[in-house]
Amino acid sequence: MRNKHRMCILMFSFSVLFPVCVDADDRKIEKAVKKYTTSTIELRHQIHQYPELGNREFKTAELVANHLKSLGIEVQTGVAHTGVIGILKGDKPGPVVAVRADMDALPVTEDTDLPFKSTVRTTYLGNDVGVMHACGHDIHTSVQLGVASVLSSIRKEIHGTVKFIFQPAEEGPPPGEEGGADLMVRENTMENPRPVAVFGLHALASMEAGNIGYTSGPAFAAVDHFIAKVKGKQAHGARPEESIDPVVMASEVVTAFQTIRSRSLNPREPSVVTVGIIRGGQRFNIIPSEVHLEGTVRTYSEEARDGVENRMNQILKGITSAYGGSYELDYDRGTPATINDPKLTAQVVPSLQRAIGRENVMEVPPTMGGEDFSFFANVVPGFYYRLGMVKPGTVSGGHHTPTFRADDSCIPIGMKAMSTLIIDFMKSGGLQ
Ligand SMILES: [Zn+2]
Ligand SMILES: [Zn+2]
């Protein structure tokens, strides 16, 4: 009876007090976002103007570490080359939650009229290239620095610990180097303390600022890379009967690869098999001995991944043996698929809706693009959403193009959405 009575009081207090508490926190977040918007936009301009390639984010990491330190956040640097981790302990007990932003730029020469446009050049794979934040990672990094400002200003209200992860080399490390989320996880980023969930966002070049998109379940595909060698026998171009022609065999292989998606896999199972490189031969009148095929495979399930690799082997074996040739296939399984935990998604989407308006939060379809956030989300449940970034009424170039153009107005939206999501999630005690 006593316990029941106490429950009633608790429930009554909850129903009366909880909405008041939520409003109070929302107001504090709103006020803090306003206070830190200008300084966060300035950080974005600096990061955008001085972009750095994967595993070379030295200045960016320094800017990040200095900002976190200025907020009284415990900082660890040099993780997976240039990664930075910040630990913000709230005054109240609660779960550990991780939030991740990527810091690297791309070898693209910027072609925008932004006043803080990048003119940086560097050497990449022996070539002189422009460097640009052409995927919006400057937005991710600055929004997360803004979230750190907001949350540290209300740390008295925080139930638990926030782990800020600033990751290098999301686009992939330079050839011959390790890096990115995979290396961060191997260097124990998800331990000591281990979070109960991980969150992140990515700017979306087809969505206006003010909106957020999300996908429950599969959101970004697994990214695999293959190299196939089709081997034959060299001969004079006028004596094909003396050859085993790898050009003919490779042509049939490329065509047959297209049947993997259309005829071998379940039609409801998304997949892509792309041959991006086909190279062979030196002269018009020589049948070469070998043709090089190289490409990418995108899938969402291990079953589809196995299915594609098996069929590639069967096709290569069948075609080359029919002509008396041979083959080698090097199939490299790269970034796994990013699967947004459906329970976690259902739990946190209402926070996004409350933060920026229900009508501005929409479901978006999964993409066959990849995202190495999956390495974190394979350790603990994860939720990765899309932040609209285009100035209303204008158009941005696509991701990884010189005219990619994210508008500053998405920064306070991202700060408010992520801060609200984190505060709500921690207050609820974690994954329900
Ligand atoms: Zn990208
Ligand atoms: Zn990206």
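Located above this text is the structure these notes cover.
How each quantity is defined
- Residues numbered from 1 in each chain as written.
- Chains lettered and ligands numbered in written order.
- Predicted model: local features only at pLDDT ≥ 70, side-chain atom pairs only at ≥ 80, totals over all residues.
- Heavy atoms only, no water.
- Helix = DSSP H or I, 4+ residues; strand = E, 2+ residues; numbered from the N terminus.
- Expected span 1.5 Å × (residues − 1).
- Bend = angle between axes of the 7 residues up to and from the residue.
- Buried < 20%, exposed > 50% of the residue type's maximum accessible area, 1.4 Å probe, protein only.
- Contact = heavy atoms within 4.5 Å.
- Polar contact = N/O pair within 3.5 Å; in protein donor to acceptor, adjacent residues only side chain to side chain.
- Pairing = 2+ DSSP bridges.
- Axes fitted to C-alpha atoms, helices over the stretch in contact; angles between N-to-C directions.

J.: Mind showing me how you'd approach helix 7 (residues 342–356) here?
T.: Each α-helix turn comprises 3.6 residues. Residues three or four places apart therefore point the same way. Between the first and last C-alpha of helix 7 there are 21 Å, a value that for 15 residues agrees with the 21 Å anticipated at 1.5 Å per step. Residue Val348 marks the point of greatest curvature in helix 7, where the axis turns by about 30 degrees; the proline Pro350 follows within four residues. Within helix 7, the full set of buried residues consists of Leu344, Thr345, Val348, Val349, Ser351, Leu352, Gln353, Ala355 and Ile356. Packed against the buried residues of helix 7 are strand 7 (197–208), strand 8 (212–214), strand 16 (338–340), strand 17 (361–363), strand 18 (382–390) and helix 9 (410–427). Measuring from the side-chain oxygen of the N-cap residue of helix 7 to the backbone nitrogen of Lys343 gives 3.2 Å; that N-cap residue is Asp341.

J.: What is the right way to look at the side chain of His140 in this model?
T.: Note that His140 resides in helix 3 (residues 137–153). At 2.9 Å, the side chain of His140 and the backbone nitrogen of Ala203 are in polar contact. Among residues more than four places away in sequence, those in contact with His140 are Ala101, Asp102, Cys135, Leu201, His202 and Ala203.

J.: Is there a simple way to think about the sheet that holds strand 6 (residues 159–167) in this case?
T.: Backbone-to-backbone hydrogen bonds pair the strands of a sheet. The strands run either parallel or antiparallel. An order of 1-2-6-3-7-18-8-17 is seen for the eight strands of this open sheet, with the pairing classed as mixed. Here the strands that pair on one side only, and so sit at the sheet edges, are strand 1 (74–79) and strand 17. Pairs of neighbouring strands in the sheet enclose a mean axial angle of 25 degrees, with direction left out of account. Relative to strand 6, strand 3 (residues 92–102) runs parallel, the two sharing eight bridges. When the bridges of strand 6 are listed, Val97 appears paired with Val162. Running over the sheet, helix 2 (residues 58–70) touches strand 1, strand 2 (83–89) and strand 6 and is turned about 10 degrees from strand 2. Along the sheet, helix 3 contacts strand 2, strand 3, strand 6, strand 7 and strand 18; its crossing angle with strand 6, the most-contacted strand, is approximately 155 degrees.

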